[in-house]
Amino acid sequence: MKTVKQVSKLANISVRTLHHYDAIGLLKPTQITDAGYRLYDDTALERLQTILLFRELQFPLKEIRTILDSPHFNRVQAMKDQLRLLELQREYLDGLIAYTREILTTGGTNMDFTAFDKNEWQAFAEEAKARWGETAAYQEYAQKFVGGTEEKTKGLMEIFAQAGQIRHLSPASQEAQALTEKLRGFISENFYNCTEEVFQGLGQLYKADQRFQENIDRAGGKGTADFVSQAISVRKAKG
């Protein structure tokens, strides 16, 4: 067991930060002594490691707590995702460094702004959040969707079957976009309020989660899950 001061020194964070994590339910001490001292065991320190990695990736504290408290949270998978996000972040920073160095070296201006493109990082972050079960809505939907026994789920699978029939078209086509709106409306009416933000997360989930991919492809044919995911992504680009 380590005291709050020992943990503060070990993790290079302030005691005040640890107290704040305790207050918001993000990191509770393992034990509080009769004298009121907070003590942390190895399990608590493992959670702190995960929290700090998420903070380095600029995740809000509320979002981190939701992820960590999800019954579906897998620490090993999360660390693999965190590693990939850190690698993407490094690639982004390396590009900015090279871009800035080139301007300094040439003494001129460079009107190519691709160095500021964070799309790949953001897309993977959304995909990872979907895998972690970012919200209760995702989990509610996943349980009903994968179960495959309810009448509502049958209606959902019919929409995916329709998607399979047009998967030879562009995800940006009028037909594909109309179908995504039909899908979002069906989810909102039968499962939960599917905001555009949540819908984007589901789109990532359809191709990232094997359960979803298999069920969707079973309904519409191989490649349907990826087609629907791309069509949903196009909605974001248009927005």
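Residues numbered from 1 in each chain as written. Predicted model: local features only at pLDDT ≥ 70, side-chain atom pairs only at ≥ 80, totals over all residues. Heavy atoms only, no water.

(A) Structural detail: the overall build of the chain. Per the secondary structure count, the chain includes 12 helices and three strands. Here the chain holds 239 residues, and 42% of them are scored as buried. By sequence separation, contacts in the chain at least 24 residues apart represent 62% of the contacts at least 6 residues apart. Of the roughly 13,700 Å² of accessible surface on the chain, a fraction of 51% belongs to carbon and sulfur atoms. (Helix = DSSP H or I, 4+ residues; strand = E, 2+ residues; numbered from the N terminus. Buried < 20%, exposed > 50% of the residue type's maximum accessible area, 1.4 Å probe, protein only. Contact = heavy atoms within 4.5 Å. Areas by Shrake-Rupley, 256 points an atom, 1.4 Å probe, with all protein chains shown as cover.)

(B) Here's a closer look at the packing of aromatic side chains. Following the criterion strictly, the structure yields three aromatic pairs and no others. Ring plane angle 55° and centroid distance 5.1 Å describe the contact between F54 and F59, whose orientation is recorded as tilted. Of the two residues, F54 and F59, both sit in the buried class. For the pair F160 and Y206, a centre-to-centre distance of 5.5 Å together with 85° between the ring planes defines the contact as edge-to-face. Note that F160 is positioned in helix α8 (residues 151-165) and Y206 in helix α10 (residues 196-208), a separation of 46 residues in sequence. Note on Y206: relative accessible area 0%, which makes it buried. (Phe/Tyr/Trp six-rings, centres within 6.5 Å; stacked < 30°, edge-to-face > 60°.)

(C) Here's a closer look at the packing of helix α1 (residues 4-11) against helix α3 (residues 42-56). Packing of α1 against α3 leaves a shortest axis separation of 12 Å and a crossing angle of 40°. By the criterion of interaxial angle, the relationship of α1 to α3 is oblique. Considering how the two elements wind past one another, α1 and α3 form a crossing that is right-handed. Listed contacts from α3 to V7, L10 and A11 of α1 are L45, L48 and L52. Here the contact of α1 with α3 is composed, by residue class, of six nonpolar, no polar and no charged. (Axes fitted to C-alpha atoms, helices over the stretch in contact; angles between N-to-C directions. Parallel < 35°, antiparallel > 145°, perpendicular 65-115°, else oblique. Left-handed = near helix turned anticlockwise from the far one by under 90°. Nonpolar A, V, L, I, M, F, W, Y, C, P; charged D, E, K, R; others polar.)

(D) Just helix α9 (residues 174-190), in detail. Over its 17 residues, α9 extends 24 Å from the first C-alpha to the last, a length consistent with the 24 Å expected when each residue adds 1.5 Å. Turning to α9, its buried residues are A176, Q177, L179, T180, L183, F186, I187 and N190. (Expected span 1.5 Å × (residues − 1).)

(E) Looking closely at the nonpolar core. Grouped together as the largest cluster of nonpolar side chains are 27 residues, with contacts concentrated most on L18, L27 and I64. Put simply, the parts of the chain that give this core at least two residues each are α1, α2 (15-23), α3, α4 (61-69), α5 (75-106) and α6 (119-132). Residue contributions to this core peak at five residues, all from α3. (Core = buried A, V, L, I, M, F, W, Y, C linked by side-chain atoms within 4.5 Å.)

(F) How the structure looks around the environment of P29. In this structure, P29 sits in the loop between α2 and β2 (31-32). On the basis of relative accessible area, P29 is assigned to the buried category, the value being 13%. When the C-alpha atoms of P29 and T3 are compared, they prove to be 9.2 Å apart, with 26 residues separating the residues in sequence. When sequence neighbours within four positions are dropped, the list of residues in contact with P29 reads D22, R38, L39 and Y40.

(G) Inspection of the pattern of salt bridges at higher detail. On inspection of all chains with the given rule, the structure shows nine salt bridges. Among the salt bridges present, the one from D69 reaches R47, with a minimum N-O distance of 3.0 Å. With D69 in helix α4 and R47 in helix α3, the pair connects residues that are 22 residues apart, well separated along the chain. The exposure class of R47 is partly exposed, given its relative accessible area of 24%. Here R184 ties to E181 by a salt bridge, and the two come within 3.5 Å at their closest N and O atoms. Taken together, the residues span about one helical turn, with R184 and E181 both in helix α9 at a distance of three residues. Note on E181: relative accessible area 38%, which makes it partly exposed. One continuous salt-bridge network, built from bridges that share partners, spans E181, R184, E196 and R235. (Salt bridge = Lys/Arg side-chain N within 4 Å of Asp/Glu carboxyl O.)

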